[in-house]
Amino acid sequence: MVTAAEVLDSSDQERPTTDTIPLTVRVRRFNPEVSEDSWWDEWTVRCDPLERLVEVLHQIKWHHDGTLSFRRSCAHGICGSDAMLINGRNQLACKVLAQDVSPRVTIEPIRGLSVLKDLIVDMEPFMDGYRSILPYLISDSGEPEKERRQSPEDRHRYDDTTKCILCAACTTSCPVFWGDDGYVGPAAIVNAHRFIFDSRDEAGRERMKILSEKTGVFRCRTTFNCTDACPRGIEVTKAIQEVKRAILFERF
Ligand code: SF4
Ligand code: FES
């Protein structure tokens with residue numbers, strides 16, 4: 001019988017060994033208790049080429065500067081906590097490998113939301129936009145006796161927009177949002193799309209009324225930044241266009 005120790009030993013032998021690589025990480029820092037202005041810090045660390053950037057930030061925080069602040073949770077591209085401006089592009093730090101940015105990477109907080117500390121921004125205006133579109137199923141038809149049935153075709157209609165993880169990468173890459181924080185932003189519209197095109201929902205018109213306001217969907221200038229930024233591969237601009245058309249032609 002193979003013992004647990006032997007299994008561990010053999011898995012160690014089979015694990016591919018990789019050389020570490022140097023990575024210089026430059027971070028825009030901000031701490032209102034230290035200075036009114038932001039400043040840059042940089043550290044050079046050695047890391048596994050396949051290490052994710054969020055782990056490199058952990059390495060810096062745990063071994064070089066415990067004051068470095070950033071949000072993260074799942075480390076697997078699911079919770080949406082760690083959207084950052086990485087080499088000028090909004091990305092999730094847990095989905096970027098060290099080898100893809102070596103030997104040097106610049107990290108800044110996402111734009112258009114006020115910075116609380118280092119890479120942590122105030123997400124409340126973003127969440128206000130999300131909440132404003134009623135992001136939950138609304139039905140006045142009463143409780144069904146069984147489940148609410150839906151055909152595969154009807155389910156497919158909004159499949160793409162169910163993938164949103166509310167990371168804010170789209171909204172904070174949008175030049176309209178940068179200039180007007182009253183604009184609900186792409187993420188709110190994506191989540192409105194998810195319910196407007198759900199055949200079980202009965203509040204599509206209410207959401208479309210909300211999105212017809214001057215803070216709504218017609219503020220979009222179709223720059224495609226949002227689609228490029230989305231780490232879930234959601235066709236954000238397409239969803240926005242579908243909501244615009246649904247409002248213009250009252251068809252959804
Ligand atoms: S649409 Fe994509 S980029 Fe925008 S919040 Fe959702 S997951 Fe993030
Ligand atoms: S830490 Fe959860 S998405 Fe990156």
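Rules of the game
- Residues numbered from 1 in each chain as written.
- Chains lettered and ligands numbered in written order.
- Predicted model: local features only at pLDDT ≥ 70, side-chain atom pairs only at ≥ 80, totals over all residues.
- Helix = DSSP H or I, 4+ residues; strand = E, 2+ residues; numbered from the N terminus.
- Buried ≥ 20, exposed ≤ 12 C-beta atoms within 10 Å, placed from the backbone.
- Contact = placed C-beta atoms within 7 Å.
- Near = placed C-beta within 6 Å.
- Nonpolar A, V, L, I, M, F, W, Y, C, P; charged D, E, K, R; others polar.
- Pairing = 2+ DSSP bridges.
- Axes fitted to C-alpha atoms, helices over the stretch in contact; angles between N-to-C directions.
- Arc of directions from axis to C-beta.
- Core = buried A, V, L, I, M, F, W, Y, C linked by C-beta atoms within 7 Å.
- Domains from an automatic or database assignment.
- Parallel < 35°, antiparallel > 145°, perpendicular 65-115°, else oblique.
- Left-handed = near helix turned anticlockwise from the far one by under 90°.

A few points about the overall build of the protein chain
Inference 1: Regarding its fold elements, the protein chain presents 10 helices and 7 strands.
Inference 2: In terms of its C-alpha atoms, the protein chain occupies a principal-axis envelope of roughly 65 × 60 × 30 Å.
Inference 3: In the protein chain, buried positions account for 37% of the 252 residues.
Inference 4: Excluding contacts between residues fewer than 6 apart, the proportion of contacts in the protein chain whose partners are at least 24 apart in sequence is 66%.

Notes on the environment of Q59
Inference 1: Mapped onto the elements, Q59 comes out in helix 2 (residues 53–63).
Inference 2: Judged by the 17 C-beta atoms lying within 10 Å of it, Q59 falls in the partly exposed class.
Inference 3: Between the C-alpha atoms of Q59 and W178, which are 119 residues apart in sequence, the distance is 32 Å.
Inference 4: Other than its neighbours up to four places away in sequence, Q59 contacts V45 and C47.

Observations concerning the site of ligand 1
Inference 1: Every one of the 15 residues lining ligand 1 counts as a neighbour, but C164, C167, C170, A187 and C230 are closest to it.
Inference 2: Here the residues of the shell around ligand 1 sort into 14 nonpolar, no polar and 1 charged.

Observations regarding the sheet that holds strand 3 (residues 83–86)
Inference 1: Taken in spatial order, the 5 strands of this open sheet run 2-1-5-3-4, and their pairing is mixed. Both outer strands of the open sheet, strand 2 (39–47) and strand 4 (89–92), are each paired with one neighbouring strand and no more. Recorded for the sheet is a direction-independent mean angle of 35° between the axes of neighbouring strands.
Inference 2: Two elements, strand 3 and strand 4, share 4 bridges in a ladder whose sense is antiparallel. Opposite L85, over in strand 4, you have N90 as the bridge partner.
Inference 3: Packed on one face of the sheet, helix 2 meets strand 1 (21–29), strand 2, strand 3 and strand 5 (104–108) and runs near 105° to strand 2.

Quick look at helix 8 (residues 204–212)
Inference 1: Of all the positions in helix 8, only G204, R207, M208 and L211 are classed as buried. One side of helix 8 holds all its buried residues, which, seen down the axis, span an arc of 100°.
Inference 2: Of the surrounding elements, those touching the buried residues of helix 8 are helix 7 (186–196) and helix 10 (236–249).

Things to note about the nonpolar core
Taken as a class, soluble globular proteins show a tendency for nonpolar side chains to be buried jointly.
Inference 1: Of all hydrophobic cores here, the largest spans 60 residues; its most connected members are L53, A93, A168, A187, I189 and V243.
Inference 2: Here this core gets 7 residues from one element, more than from any other, and that element is helix 7.
Inference 3: Looking at which domains feed residues into this core, each of domain 1 (17–121) and domain 2 (124–249) gives three or more.
Inference 4: Other than its neighbours up to four places away in sequence, V243 contacts I189, A192, H193, I196, L211 and V217.

A word on the packing of helix 4 (residues 124–132) against helix 7
Packed helices, taken two at a time, are described by the angle between their axes plus the distance between the axes.
Inference 1: Two numbers describe how helix 4 lies on helix 7: the axes approach to 8 Å, and their chain directions differ by 25°. In this view, helix 4 runs roughly parallel relative to helix 7, as classed from their interaxial angle. In terms of crossing hand, the pair formed by helix 4 and helix 7 is right-handed. Contacts between helix 4 and helix 7 pair F126, G129, Y130 and S132 from the former with A187, A188 and N191 from the latter.
Inference 2: For the contact of helix 4 with helix 7, a count of residues per class yields 4 nonpolar, 3 polar and no charged.

None of the figures reported here should be taken as evidence of function without further support.
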